[in-house]
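Each chain, written out:
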Amino acid sequence: MRRGKRGYSSKPMSKQTLRDSLSVRRLLHVNPSDLKDDVIAINRVTKVVKGGKNLSFSALVVVGDHQGHAGFGMGKAREVPMAIKKGIEQAKKNLIQLNLIGSTIPHQVLGRYGSAQVLLKPAPEGTGVIAGGPVRKVMQVAGIHNVLTKSLGTSNPHNVVKATFSALLGLKDAAQVAETRTKTVEEITGREKKSEKVAAGEAQ
């Protein structure tokens, strides 16, 4: 772990690591009818060839079931509807399961991809999704209703979405951290100390 220039700890995820993490086909129990998709960006691509110009479209799409599963994909085609359809199919293959606590995330995390950085912070109930652009759409399809976010660096939607998923892949629950540190969940969360204080107060 190293400390970033803004004072929070972060471990940057390389591009290859993120690709490998998303390329793994996970067996998730997700009902296809529950998946909702949202288009983030549509770009028009022109390729100059000998006979003239070939026009095509690329679409960046995110899908999720609003219950902690989300994925993103990109599709290319001569027409916009076909590009969106291809992006949705790829996004369904890249679905990941997120470690959430209720309607928010368990801890602060920083995701990086290229020159894009996305900071996610947990928020109490009633805060809402404090985000803009691509990050907001990812949070909505994933089912995260209370979170504070900040996009640092480039505003390229492709890199911002990948940085967001890099942050979501870095979320860990208390059981994973406790197993890594060979401690109990109560020691990690601090509940054991609270219970000891309550017991000492009652004894007095």
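For clarity, every value in this text was computed on a predicted model and none was experimentally measured.

On a plain count of helices and strands, the protein chain comes out with seven helices and 10 strands. Residues counted as buried form 37% of the 204 residues belonging to the protein chain. For the protein chain, the computed accessible surface area is about 12300 Å², with 50% contributed by carbon and sulfur atoms.

Moving on, we come to the packing of aromatic side chains. What the rule picks out here adds up to one aromatic pair. Ring centres 5.0 Å apart and planes at 50° place the aromatic pair Phe-72 and Phe-165 in the tilted group. One end of the pair, Phe-72, is in strand β5 (residues 69–77); the other, Phe-165, is in helix α4 (residues 157–169), with 93 residues separating them in the sequence. Residues Phe-72 and Phe-165 agree in their burial class; the two are buried.

Structurally, Asp-65 is set in the loop between β4 (52–64) and β5. Although buried, Asp-65 forms no salt bridge, and the nearest oppositely charged side chain, Lys-36, lies 11 Å from it. Within the structure, Asp-65 has its side chain in polar contact with the side chain of His-69 (distance 2.9 Å).

Spanning 14 residues, helix α2 (residues 80–93) covers 20 Å between terminal C-alpha atoms, matching the ideal 20 Å at 1.5 Å per step. Buried within α2 we find Ala-83, Ile-84, Gly-87, Ile-88 and Ala-91. Buried residues in α2, looked at end-on, bunch into an arc of 140°, giving them a common side. Tucked inside the fold, the buried residues of α2 contact β3 (36–49), β4 and β5.

What follows covers the sheet that holds β4. The four strands are arranged β3-β4-β5-β6 in an open sheet whose pairing can be described as antiparallel. Across the chains shown, the open sheet's two edge strands, defined by having one partner strand only, are β3 and β6 (96–97). Summarising the sheet, β4 and β5 pair through eight bridges and their orientation is antiparallel. Counterpart to Val-63 in the pairing with β5 is Gly-71. Here helix α3 (residues 134–142) sits on the sheet and contacts β3, β4 and β5; the angle it forms with β3, its principal contact strand, is near 135°.

Turning our eyes to something else, we now look at the packing of α3 against α4. Contact geometry of α3 with α4 gives a least axis separation of 9 Å together with a crossing angle of 45°. In terms of axis orientation, α3 runs oblique to α4. For the pair α3 and α4, the crossing hand works out as right-handed. For the pair α3 and α4, contact is made by Pro-134, Val-135, Val-138 and Met-139 and by Pro-157, Val-160, Val-161, Thr-164, Phe-165 and Leu-168, respectively. Its residues placed into classes, the contact of α3 with α4 shows nine nonpolar, one polar and no charged.

The strand order across the open sheet built from four strands is β7-β8-β10-β9, with neighbouring strands paired in mixed fashion. Bordering the open sheet on either side are β7 (109–113) and β9 (129–130), each of which pairs with just one other strand. Taken strand by strand, α3 contacts β8 (116–122), β9 and β10 (147–153), and its axis lies near 45° from that of β8. Where α4 meets the sheet, its contacts fall on β7, β8 and β10, and the angle it forms with β7 comes to roughly 140°.

About the thresholds
- Residues numbered from 1 in each chain as written.
- Predicted model: local features only at pLDDT ≥ 70, side-chain atom pairs only at ≥ 80, totals over all residues.
- Heavy atoms only, no water.
- Helix = DSSP H or I, 4+ residues; strand = E, 2+ residues; numbered from the N terminus.
- Buried < 20%, exposed > 50% of the residue type's maximum accessible area, 1.4 Å probe, protein only.
- Areas by Shrake-Rupley, 256 points an atom, 1.4 Å probe, with all protein chains shown as cover.
- Phe/Tyr/Trp six-rings, centres within 6.5 Å; stacked < 30°, edge-to-face > 60°.
- Lys, Arg positive; Asp, Glu negative; His and termini not counted.
- Salt bridge = Lys/Arg side-chain N within 4 Å of Asp/Glu carboxyl O.
- Polar contact = N/O pair within 3.5 Å; in protein donor to acceptor, adjacent residues only side chain to side chain.
- Expected span 1.5 Å × (residues − 1).
- Arc of directions from axis to C-beta.
- Contact = heavy atoms within 4.5 Å.
- Pairing = 2+ DSSP bridges.
- Axes fitted to C-alpha atoms, helices over the stretch in contact; angles between N-to-C directions.
- Parallel < 35°, antiparallel > 145°, perpendicular 65-115°, else oblique.
- Left-handed = near helix turned anticlockwise from the far one by under 90°.
- Nonpolar A, V, L, I, M, F, W, Y, C, P; charged D, E, K, R; others polar.

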